[in-house]
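Residues per chain, in single letters:
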Amino acid sequence: MPAKKAEPFNVPYSLHTLENGLRVVLSEDHSVPVVAVVVLYDVGARNEPPGRTGFAHLFEHMMFQGSAHVKKGEYFSFVEDNGGVLNGMTSNDFTIYFEIMPSNQLELALWLEADRMRSLQVNQENLDNQREVVKEEKRLRVDNQPFSYARGILLYELAYDNFANAHSVIGSMEDLDAATLEDVQRFFRTYYAPNNAVLAIAGDIESGQTLEWVRKHFGDIPPQEPPQPVDVTEPERGQEKRAQYTDRLANLPAVAIAWKVPPRHSPERYALALLDRILFSGESARLHQRLVKREKSALSVSGGLEDRRGPGLFTTFVVFKPDRSFEAIEHSVYDEIEKVQQKGVQARELQRAKNQLRAERYRGMWGPLSGLQTPLGRAMELAYHTLFDGDPALINTELQKYLDVTGEQIQEVARRFLIPTNRTVLHILPGATGAEQ
Amino acid sequence: MNRTAVVTTPPPPGALRPLVLPKREEFVTVGGLRVILVEDRRVPFVTLRLVVRAGSVHDPAELPGLAGLTAHCLTQGTQKRKSFQFARAVEELGATLEAHANRDYSTVSATVLAENLDALLRLMGETVITPAFAPDEVELAKENTVQTLRYQRTQPHFLARERYAQVIFGKHPYSRIAPTEESIAAMPPDTLREFHARYYTPDNSLLVVVGAVDAEHLQKAVEKAFAGWEPRGVTHETHEAPPSRTRRTVHIVDRPGSVQVNLLIGHLAPRPNEPDFLPLEVTTTALGGRTGSRLFMNVREQKGFAYDVSSHLSEHREAGSFTMSAQVRPEVAGEAVEEMLKEVELLRQSGITEKELDSTKNYLNGVFSIRLSTQGGIAGEIIAIEMLELPRGYMETYRERVQAITPEVIREVVQRRLFTDRMAIVAVGEAEQIRPLLEPFGEVEVTPAM
């Protein structure tokens, strides 16, 4: 293709570690008077013991309920009244909080994050109230949406064997009911310590002044004993696992398939990420072409590499027409994978996948505020690389590892991981009133 | 360790840094296509939106969904390339290109690595000027649209939006948010071709480009990519105004098996180009447009009735609506509605406080700057100004106009524009369970979900 040369693009950054162990990453960009502050804690659903599922996420809600100098409700108003937006998110691997503020309000955001890291205050009333809110969140996101439980929770419970990986972030409502104030306090002490977190700040900042403020507000928060590392290793299973679930809200059948793949740091993951684009990304991708276009059997095909720190999954989710069979859909998916295993991929397909990956860096993959064009996108990427990989430089250097992947490596990972004995298959039957069976 | 005392009060802000509004350049091609460019060199990337005034409001009465199906099929192959070849050509550039219709217009959206912009523009021109609407592609799209429609009908928020639009907009075309199986069946490829020929013309379109390209380069590339696209003098029909409401009514969509009730409550409201819009936008934001809002603090944080509760003003060209929404557990559906109506009544009685007004202004102005930090956000603002017929300089003066709003203005606008005794209450859930809870609010009408 007669394209012009790719323009280089690098995110500038500096990394600092306070005496209490807090890692701080700064990145200046003065194009818009906006700053993003991200605090990433090394705790997620993976840290929950049996009987306390959903706790990390419930705790995330508690972080907005007040601290020594910020009363209940004030966290939202301090940020929004001054022109900012904020949120928090819990995953299996981490919990993240962010504020995007006008850049002249940076110190306010730092003070707010420091106050709750130092002195979260919770009471029984707030705990009970947020428990109800989380239950509504589950009803909204999971219990009242077709495919949500099967695809978002059950598939993982079946596909993983290690409890730390398998159980859902939203957790069980019985476990949430069992959570006590003491659990909240212990969780806070153990995981919400400066040495268990990364603070990333990107946007219209002056690094020297910013670092001064960071030291002023976070510098004297005492470190804690590092938490016990979680064992997230997955045993090899050696045989296929199959299950069936009737979704009473769905009026179409669907199949979900998951293969276990290696952890984040493995070199195989780069090849799997490119295979993901070749199979799933865009309308020219192989599975869309096969199932939606040629066989006209599926309404949608999605999936790909699920990027966890520990062992991940390579998934496929197909919603298909009621007059097609599970067997036919599965056959087509496996046949496309076998083609990669036997014949590899075309050079132009590989180049497409690499160009898509380069573009995704800028565009962002989870909404309008993600991607390296935004302060929040840069702060989050820097925080992830610092906490998960110990190296923020990867924000600039990791791309090359994707671009170096060869067709042979893709063929090799397809052969090693996308095999019958390594997969979990879930048939989802439509159970809604009026569904054609 | 560098010991310092704990700071017990919020640090004051520094001096406000100026927001340099993106510089907007404009030109018209030989064929009459208006192009607006905002050069943005922060990343080697370009975001493009070609907007065509052909939305669902342009659907013939018996063919709801025509604008949507036309937009969908537009990118499914050209007279030169089959759909696979076209998709591959786009995706090999690291680009995305897709088209969809909303109420007022259709948008062909694209993003691309800056180095491949010219090639992407050629593909955009090809698909906009010479789409194939091949019979097999249209057939497949129709079949999938029907399946998608059946799938949507299982989703409570879709059912709520559908009923709400019918109730609020009456005979106005905004009352239809989706096609029907019958209307889809009645759309052969020629119907799509005719719709395309009538509306997809340079004089009925606007191209917005934000990204790493200069005007000179862009103009050359656009002239080449859109050569031969002829203006046709498009006319737009006018529509009967939506009905004004005189009383409060309850509309239950019976959805057996629901574990939550989806609530939409509201009535008509000013359009974005009316003077009342901005003060009402401020009011709606204070009421339920942000996390610290009245509805959020009451219905979620105090009562724990809902995870998600909010209010918003729609932004459409021909008619607007004010809407509160929440998803609550069935037992508290009545109490939740009562609290939501009560919050509006409170606004009518006492308006909002000076402090609340100031903080809401700060919020709106802050979010405005945040929106302008992405290429897509800048493109979206420009499209809104052009499509909603907002005054020139809208972006430049937005923050000043927000700043100028006083509590008196708010009080007057609330009195003039919000009426709890005329609102439509739409609730999707188990009718048997929620009917008794909602009967106190007005005459109840129940319709089935399927």
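Calculation criteria
Residues numbered from 1 in each chain as written. Chains lettered and ligands numbered in written order. Predicted model: local features only at pLDDT ≥ 70, side-chain atom pairs only at ≥ 80, totals over all residues. Heavy atoms only, no water. Helix = DSSP H or I, 4+ residues; strand = E, 2+ residues; numbered from the N terminus. Contact = heavy atoms within 4.5 Å. Areas by Shrake-Rupley, 256 points an atom, 1.4 Å probe, with all protein chains shown as cover. Lys, Arg positive; Asp, Glu negative; His and termini not counted. Charge placed at Lys NZ, Arg CZ, Asp CG, Glu CD. Buried < 20%, exposed > 50% of the residue type's maximum accessible area, 1.4 Å probe, protein only. Arc of directions from axis to C-beta. Salt bridge = Lys/Arg side-chain N within 4 Å of Asp/Glu carboxyl O. Pairing = 2+ DSSP bridges. Axes fitted to C-alpha atoms, helices over the stretch in contact; angles between N-to-C directions. Domains from an automatic or database assignment. Buried area = accessible area lost by both parts, 1.4 Å probe. Polar contact = N/O pair within 3.5 Å; in protein donor to acceptor, adjacent residues only side chain to side chain. Nonpolar A, V, L, I, M, F, W, Y, C, P; charged D, E, K, R; others polar. Core = buried A, V, L, I, M, F, W, Y, C linked by side-chain atoms within 4.5 Å. Phe/Tyr/Trp six-rings, centres within 6.5 Å; stacked < 30°, edge-to-face > 60°.

*Asks:* It is not clear to me how the overall build of chain B should be interpreted in this structure. Could you clarify?
*Replies:* Across its full length, chain B carries 16 helices and 12 strands. Considering only C-alpha atoms, chain B reaches an extent of 65 × 60 × 50 Å along its principal axes. Sequence separation of at least 24 residues holds for 81% of the intrachain contacts in chain B that already meet a minimum separation of 6. For chain B, the accessible surface area stands at approximately 17,700 Å², while carbon and sulfur atoms represent 51% of it. Distance between charge centres in chain B, computed from 51 positive and 59 negative side chains, equals 3 Å.

*Asks:* Can you help me understand helix H16 (residues 407–417) of chain A in this one?
*Replies:* Note on helix geometry: an α-helix contains 3.6 residues per turn, so any two residues three or four positions apart are oriented the same way. Residue and element names in this part refer to chain A. All of the buried residues along H16 are Gly407, Ile410, Gln411, Val413, Ala414 and Phe417. Each buried residue of H16 sits inside an arc of 165° when the element is viewed along its axis, so together they form one side. On its buried face, H16 sits against strand S8 (254–261), helix H10 (268–280), helix H12 (326–343) and helix H13 (347–363).

*Asks:* Help me understand unusual backbone geometry, please; the structure alone is not making it clear to me.
*Replies:* With the exception of glycine, the majority of residues adopt a negative phi angle, and the majority of peptide bonds are in the trans configuration. All names here are of chain A. A positive phi is found at lysine 296, a non-glycine position, where the angle reads about 55°. Positionally, lysine 296 belongs in the loop between helix H11 (286–294) and strand S9 (298–306). Judged by its relative accessible area of 27%, lysine 296 falls in the partly exposed class.

*Asks:* It is not clear to me how the pattern of salt bridges should be interpreted in this structure. Could you clarify?
*Replies:* Overall, the coordinates contain 75 salt bridges over all chains when judged by the stated rule. Across the pair A:Lys72 and B:Glu301 runs a salt bridge, and its minimum N-O distance is 3.8 Å. Within this pair, whereas A:Lys72 is found in the loop between helix H1 (55–62) and helix H2 (74–80), its partner B:Glu301 is found in helix H10 (residues 294–302), the two belonging to separate chains. Residue classification places A:Lys72 among the partly exposed positions, given a relative accessible area of 28%. What makes B:Glu301 buried here is its relative accessible area of 2%.

*Asks:* Quick question: what am I supposed to make of the sheet that holds strand S4 (residues 96–101) of chain B here?
*Replies:* In a beta sheet, neighbouring strands are held together by backbone hydrogen bonds and run either parallel or antiparallel to one another. All names here are of chain B. Judged by pairing direction, the sheet is mixed, and its six strands sit side by side in the order S1-S2-S6-S3-S5-S4 without closing on themselves. Every other strand in the sheet has two partners, leaving strand S1 (24–28) and S4 as the edge strands with one partner each. Along the sheet, successive strands turn relative to each other by an average axial angle of 15°, direction set aside. Across seven bridges, strand S3 (residues 45–52) lies against strand S6 (residues 205–211) in antiparallel orientation. The partner of leucine 50 across the bridge, within S6, is leucine 207. Each of S4 and strand S5 (106–113) is contacted by helix H1 (residues 66–74), which is oriented at about 165° to S4, the strand it contacts most.

*Asks:* Sorry, what's going on with the domain arrangement of chain A here?
*Replies:* How big an interface is tends to be stated in terms of accessible area lost as the parts join. Residues and elements named next belong to chain A. The assigned domain composition of chain A is domain 1 (14–218) and domain 2 (241–430). Computed over C-alpha atoms only, the centres of domain 1 and domain 2 are separated by 28 Å. Taken together, both faces of the contact between domain 1 and domain 2 bury some 3,600 Å²; the carbon and sulfur share is 70%. Counting across the interface, domain 1 meets domain 2 through three salt bridges. Here aspartate 29 and arginine 378 are joined by a salt bridge, their closest N and O atoms 2.7 Å apart. Across the contact surface, domain 1 and domain 2 share 11 residue pairs in polar contact (both at pLDDT 80 or more). Per-element tally for the side of domain 1 that touches domain 2: the top contributor is helix H5 (residues 148–159), with eight residues. Residues that form the side of domain 1 that touches domain 2 fall into these classes: 25 nonpolar, six polar and eight charged.

*Asks:* Please clarify how the nonpolar core should be interpreted in this entry.
*Replies:* Ranked by size, the top nonpolar core spans 103 residues in total, and within it A:Val38, B:Phe322, B:Met324, B:Val328 and B:Met340 carry the most contacts. The next biggest cluster of nonpolar side chains, apart from the first, holds 57 residues, and it includes A:Val39, A:Phe76, A:Leu86 and A:Leu108.

*Asks:* What is the right way to look at the packing of aromatic side chains in this model?
*Replies:* The geometry of an aromatic ring pair is captured by the separation of the ring centres together with the interplanar angle, meaning the angle of the planes. Residue and element names in this part refer to chain A. Taken as a whole, this structure holds 32 aromatic pairs over all chains when the rule is applied. Ring geometry for phenylalanine 55 versus phenylalanine 187: centroids 5.0 Å apart, planes at 70°, classification edge-to-face. Residue phenylalanine 55 is located in helix H1, and its partner phenylalanine 187 is located in helix H8 (residues 181–191); the two are separated by 132 residues in the primary sequence. Phenylalanine 187 matches phenylalanine 55 in its accessibility class, with the two residues each being buried. Between the aromatic rings of phenylalanine 64 and tyrosine 97, the centroid separation amounts to 6.0 Å while the plane-to-plane angle is 50°, which identifies the pairing as tilted. Highlighted residues: phenylalanine 64 in the loop between H1 and H2 and tyrosine 97 in strand S5 (residues 95–102), separated in sequence by 33 residues. With relative accessibility at 7%, the residue phenylalanine 64 sits in the buried group. With relative accessibility at 0%, the residue tyrosine 97 sits in the buried group.

*Asks:* What am I meant to see in the domain arrangement of chain B here?
*Replies:* Residue and element names in this part refer to chain B. Per the domain assignment, the segments of chain B are domain 1 (24–225) and domain 2 (249–448). For domain 1 versus domain 2, the distance between C-alpha centres works out to 29 Å. Each partner contributes to the interface: domain 1 provides 35 residues, whereas domain 2 provides 36 residues. Carbon and sulfur atoms make up 63% of the area that domain 1 and domain 2 hide from each other, which totals about 3,000 Å². Linking domain 1 with domain 2 are four salt bridges. We note a salt bridge from arginine 163 to glutamate 445, for which the minimum N-O separation is 2.9 Å. Scanning the region where domain 1 abuts domain 2 turns up 16 residue pairs in polar contact (both at pLDDT 80 or more). Elements with a minimum of two residues in the side of domain 1 that touches domain 2: S1, strand S2 (34–39), S3, helix H5 (156–169) and S6.

*Asks:* I'm lost on the sheet that holds strand S10 (residues 320–328) of chain B in this one. Help?
*Replies:* All names here are of chain B. Taken in spatial order, the six strands of this open sheet run S9-S10-S8-S11-S7-S12, and their pairing is mixed. Only two strands of the sheet have a single neighbouring strand rather than two, namely strand S9 (306–313) and strand S12 (443–448). In this sheet, adjacent strand axes meet at a mean angle of 15° when their direction is disregarded. Pairing analysis gives five bridges linking strand S8 (residues 261–269) to strand S11 (residues 424–429), with the strands arranged antiparallel. Bridged to asparagine 262 within S11 is valine 428. Of the strands in this sheet, S9 and S10 are in contact with H10, which crosses S9 at around 160°.

*Asks:* Please clarify how the interface of chain A and chain B should be interpreted in this entry.
*Replies:* Taken together, the contact between chain A and chain B spans 89 residues of the former and 84 residues of the latter. Interface area for chain A against chain B, summed over the two sides, is near 7,800 Å², with a carbon-plus-sulfur share of 56%. Counting across the interface, chain A meets chain B through 10 salt bridges. In this structure, A:Arg348 and B:Glu92 form a salt bridge, with 2.7 Å as the shortest nitrogen-oxygen distance. Counting every contact that joins chain A to chain B gives 31 residue pairs in polar contact (both at pLDDT 80 or more). Secondary structure elements with two or more residues in the side of chain A that touches chain B: H2, strand S4 (85–90), helix H3 (106–119), helix H4 (124–143), helix H9 (207–218), H11, S9 and H13 of chain A. Broken down by element, the residue count for the side of chain A that touches chain B peaks at 10 residues, all from H4(A). Looking at side-chain class alone, the side of chain A that touches chain B contains 31 nonpolar, 30 polar and 28 charged residues.

*Asks:* So what exactly am I meant to see when it comes to the pairing of strand S11 (residues 423–430) of chain A here?
*Replies:* Looking down a regular strand, the side chains alternate between one sheet face and the other. Residue and element names in this part refer to chain A. Taken across its eight residues, S11 has eight buried, putting it largely inside the fold. Neither face of S11 is exposed, since Arg423, Val425, His427 and Leu429 on one face and Thr424, Leu426, Ile428 and Pro430 on the opposite face are all buried. As judged from the six bridges shared by S8 and S11, these two strands associate in the antiparallel manner. If you follow isoleucine 257 over to S11, its bridge partner there is valine 425.

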